[in-house]
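Working through the structure, step by step
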Amino acid sequence: MSLSRRLALLDWAAKNNAYIVEDDYDSEFRYDGMPPTALAAMDRANCTIYVGTFSKMLCPALRLGYLIAPEPLIDRLLETKWWTDRGGPVIDQLALTHWLESGSVDRHVLRTRKLYARRRNALVSALGAAFGARVRISGVPAGMHLMASFDDLADDEEFASRMMARHGIALYPASRCAIAYTQNKNSLIFGFGHLHEEVAGSAISIIRDELLRV
């Protein structure tokens, strides 16, 4: 959202006694320029509930996140947490606290951001070299996924299934994320967090050859 729309949203929430839940789950991994200021940082009316996670920056199996909420909500949130989940991993939380206080998490994020940026660049370059103007790429500035829309793709579900069955290449059909299932049928979501740079070109070449058979 543009800055003007973000400010308008905060103004609307303040005037309507509403809360905004800001899910900033992978803001640590932004590769092009400075990240936009969080809504919570611009909020002067205490109407933003800021949610984050350590699953992306550290390990999905860690299953630890955090929430920064306006003070009037704290007691209700603590009570809700107590009723819904009394079995939080204490040892994991203590270990994470030590990591945070020692600066290890910040150093880890700096290292992995550079690594993911190289992998993203390798994927974008491979897609451009293989498809040229016949592919449109979005979602590049941040995160560990991007979406590519292809002129030659008509059914993302069928194509993703075929790529897995024939080559063991996992692609995510973008139509599953659309409001209407018929949208984005020509698009695929690529994850690059685990993609080794040296195999990006060969993997995209396989995808190109299969796509030309459609």
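Shown above is the structure to which this text applies.
A few points on the structure. Sequence order as written defines the numbering, with residues in each chain counted from 1. It should be noted that, the model being predicted, local features are given only for residues of pLDDT at least 70 and side-chain atom pairs only at 80 or more, the latter also being counted only at that level, while totals for whole chains, interfaces and linings use all residues. Excluding hydrogens and water, the side-chain figures rest on all heavy atoms present in the structure.

Things to note about the overall build of the protein
In DSSP terms, a helix is any run of H or I states spanning at least four residues, a strand is any run of E spanning at least two, and both are numbered starting from the N terminus. In terms of regular secondary structure, the protein is built from 7 helices and 7 strands. The linear arrangement of helices and strands in the protein, starting from the amino end, is α-β-α-β-β-α-α-α-β-β-α-β-β-α. Its C-alpha atoms give the protein principal-axis dimensions of roughly 60 × 40 × 35 Å. Per-residue accessibility, obtained with a 1.4 Å probe over protein chains only, is compared with the maximum for each type, and a residue is labelled buried under 20%, exposed over 50%, and partly exposed between these values. By the burial criterion, 37% of the 214 residues in the protein qualify as buried. Two residues form a contact once any of their heavy atoms are found within 4.5 Å. Considering only contacts in the protein between residues 6 or more positions apart, those separated by 24 or more positions represent 63%. Of the roughly 13,200 Å² of accessible surface on the protein, a fraction of 56% belongs to carbon and sulfur atoms. The charged-residue count follows a simple rule in which Lys and Arg add positive charge and Asp and Glu add negative charge, with His and chain termini not counted at all. Positions of charges follow a simple convention, taking NZ of Lys, CZ of Arg, CG of Asp or CD of Glu. Put simply, the protein has 25 plus and 25 minus side-chain charges, and the middle of one group is 4 Å from the middle of the other. Each accessible area is a Shrake-Rupley estimate made with a 1.4 Å probe; only the visible protein chains count as cover when residues are assessed.

Observations regarding the sheet that holds strand β1 (residues 20-23)
With mixed pairing, 3 strands are arranged side by side in an open sheet as β1-β2-β3. Every other strand in the sheet has two partners, leaving β1 and β3 (65-68) as the edge strands with one partner each. Ignoring strand direction, the axes of neighbouring strands in this sheet form an average angle of 20°. As judged from the 4 bridges shared by strand β2 (residues 48-53) and β3, these two strands associate in the antiparallel manner. Each residue of the ladder has a partner; that of Tyr50, found in β3, is Ile68. In this analysis, strands are considered paired if DSSP registers two or more bridges between them. Lines fitted to the C-alpha atoms define the axes, with helices restricted to the stretch that makes contact. Angles between their N-to-C directions range from 0 to 180 degrees.

Focus: the pairing of strand β5 (residues 145-150)
With 4 bridges joining them, strand β4 (residues 135-138) and β5 adopt antiparallel strand pairing. Directly across from Ile137, in β5, lies its bridge partner Ala148. Between β4 and β5, which pair antiparallel one after the other, the connecting turn spans 6 residues, and Gly139 there sits at a positive phi close to 80°. The sheet contact formed by β5 and strand β7 (residues 187-191) spans 5 bridges and is antiparallel. Of the residues in β7, the one forming a bridge with Met147 is Ile189.

Some points on the packing of helix α6 (residues 156-167) against helix α7 (residues 197-212)
One can describe the packing of α6 onto α7 by two numbers: an axis separation of 11 Å at closest approach and a directional angle of 120°. The angle between the axes of α6 and α7 places the two elements in the oblique class. Crossing of α6 against α7: the hand is right-handed. Packed against α6, whose contacting residues are Phe159, Arg162, Met163, Arg166 and His167, the element α7 presents Ile206, Ile207, Glu210 and Leu211 at the interface. Angle categories: roughly parallel below 35 degrees, roughly antiparallel above 145, roughly perpendicular from 65 to 115, and oblique for all the rest. Crossing handedness is read from the near helix: turned anticlockwise from the far helix by less than a right angle, it gives a left-handed crossing, and turned clockwise, a right-handed one.

Concerning the pattern of salt bridges
A pair is scored as a salt bridge if a Lys or Arg side-chain nitrogen falls within 4 Å of a carboxyl oxygen belonging to Asp or Glu. In total, this model carries 12 salt bridges according to the counting rule given. Of the charged contacts in the structure, one is a salt bridge between Arg134 and Asp152, with a shortest N-O distance of 2.6 Å. Pair noted here: Arg134 is in the loop between α5 (104-131) and β4 and Asp152 is in the loop between β5 and α6, with a separation of 18 residues, a long-range link. Given a relative accessible area of 27%, Asp152 falls into the partly exposed group. The salt bridge involving Arg208 is made with Asp209; its shortest N-O contact spans 3.3 Å. Under the relative-accessibility criterion, Asp209 is labelled partly exposed at 38%. One continuous salt-bridge network, built from bridges that share partners, spans Glu158, Arg162, Arg166 and Glu210.

Section: the nonpolar core
Ranked by internal contacts, the top residues of the largest apolar core, which has 36 residues, are Leu127, Phe131, Phe150, Leu171, Phe190, Ile204 and Ile207. Here this core takes 10 residues from α5, the largest share from any one element. Ile207 has contacts with Phe131, Phe159, Met163, Ile169, Leu171 and Phe190, leaving out every residue within four places of it along the chain. Residues grouped as a nonpolar core are buried Ala, Val, Leu, Ile, Met, Phe, Trp, Tyr and Cys residues, joined through side-chain atoms within 4.5 Å.

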